[in-house]
Amino acid sequence: NLDGSVARDIAPILLAGEKFQYVYSGGRDGVAFTDKRIIALNVQGLTGSKKDFTSLPYNKIQAFSVETAGTFDRDAELEIWFSGLGKVKFEFSRGVDVSELARVIYYYMNK
């Protein structure tokens, strides 16, 4: 899943040869899973011209958990614990396959 607007915003900070694996948006914010790291995008202000990018390297992941959307839940959750940073939580809409994200994370954190 590649969300065009989030990918366009994040593309300028990619490293040479770094490739998107998955990109998701939640309103104005988004998250990209690349072959090197996770990049969280936080759009700030009324105009959205100020953007905060957080780079989260796979090799700093200590643990993660996924929670799929249930019958009455509207969203799925991904929680990741990073060495030196703590827990980071992402929420995804019902249609997102968080189990696929778990496979991607596990693959890159053990590469």
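Our subject is the structure listed above.
The structure presented is a predicted model; accordingly, all values stated were derived computationally and were not measured.

**A short note on the sheet that holds strand 3 (residues 37–44)**
- Spatially, the four strands line up as an open sheet ordered 1-2-3-4, and their pairing is antiparallel. Edge positions in the sheet fall to strand 1 (20–26) and strand 4 (50–57), since each has one partner strand and no second. If you compare each strand with its neighbour and ignore which way they point, the axes differ by 15° on average.
- One ladder, built from six bridges, connects strand 1 with strand 2 (residues 29–34); its direction is antiparallel. Residue pairing across strands places phenylalanine 20 opposite threonine 34, the latter belonging to strand 2.
- Seen against the sheet, helix 2 (residues 98–109) touches strand 1 and strand 2 and runs at an angle of roughly 135° to strand 1.

**So, the side chain of glutamate 77**
- With respect to the helices and strands, the residue glutamate 77 is situated in strand 6 (residues 75–82).
- At 3.5 Å, the side chain of glutamate 77 forms a polar contact with the side chain of lysine 89.
- With sequence-adjacent residues up to four places away left out, glutamate 77 is seen in contact with Ser65, Val66, Glu67, Lys89, Phe90 and Glu91.

**Things to note about the packing of aromatic side chains**
- Across all of its chains, the model carries four aromatic pairs by this definition.
- Between the aromatic rings of tyrosine 107 and tyrosine 108, the centroid separation amounts to 4.9 Å while the plane-to-plane angle is 80°, which identifies the pairing as edge-to-face.

**Quick notes on the nonpolar core**
- Residues Phe33, Ile38, Phe90 and Phe92 are the most contacted members of the largest nonpolar core, which totals 22 residues.
- At the level of secondary structure, the elements contributing two or more residues to this core comprise strand 1, strand 2, strand 3, strand 6, strand 7 (86–93) and helix 2.
- With five residues, the top contributor of residues to this core is helix 2.
- Apart from residues no more than four positions distant in its own chain, isoleucine 38 is found in contact with Val31, Ala32, Phe33, Thr54, Ser55, Leu56, Tyr58, Ile61, Ile80, Phe82 and Phe90.
- Membership of the second largest hydrophobic core comes to eight residues, among which are Val6, Val23, Ile39 and Leu41.

Parameters at a glance
- Residues numbered from 1 in each chain as written.
- Predicted model: local features only at pLDDT ≥ 70, side-chain atom pairs only at ≥ 80, totals over all residues.
- Heavy atoms only, no water.
- Pairing = 2+ DSSP bridges.
- Helix = DSSP H or I, 4+ residues; strand = E, 2+ residues; numbered from the N terminus.
- Axes fitted to C-alpha atoms, helices over the stretch in contact; angles between N-to-C directions.
- Contact = heavy atoms within 4.5 Å.
- Polar contact = N/O pair within 3.5 Å; in protein donor to acceptor, adjacent residues only side chain to side chain.
- Phe/Tyr/Trp six-rings, centres within 6.5 Å; stacked < 30°, edge-to-face > 60°.
- Core = buried A, V, L, I, M, F, W, Y, C linked by side-chain atoms within 4.5 Å.
- Buried < 20%, exposed > 50% of the residue type's maximum accessible area, 1.4 Å probe, protein only.

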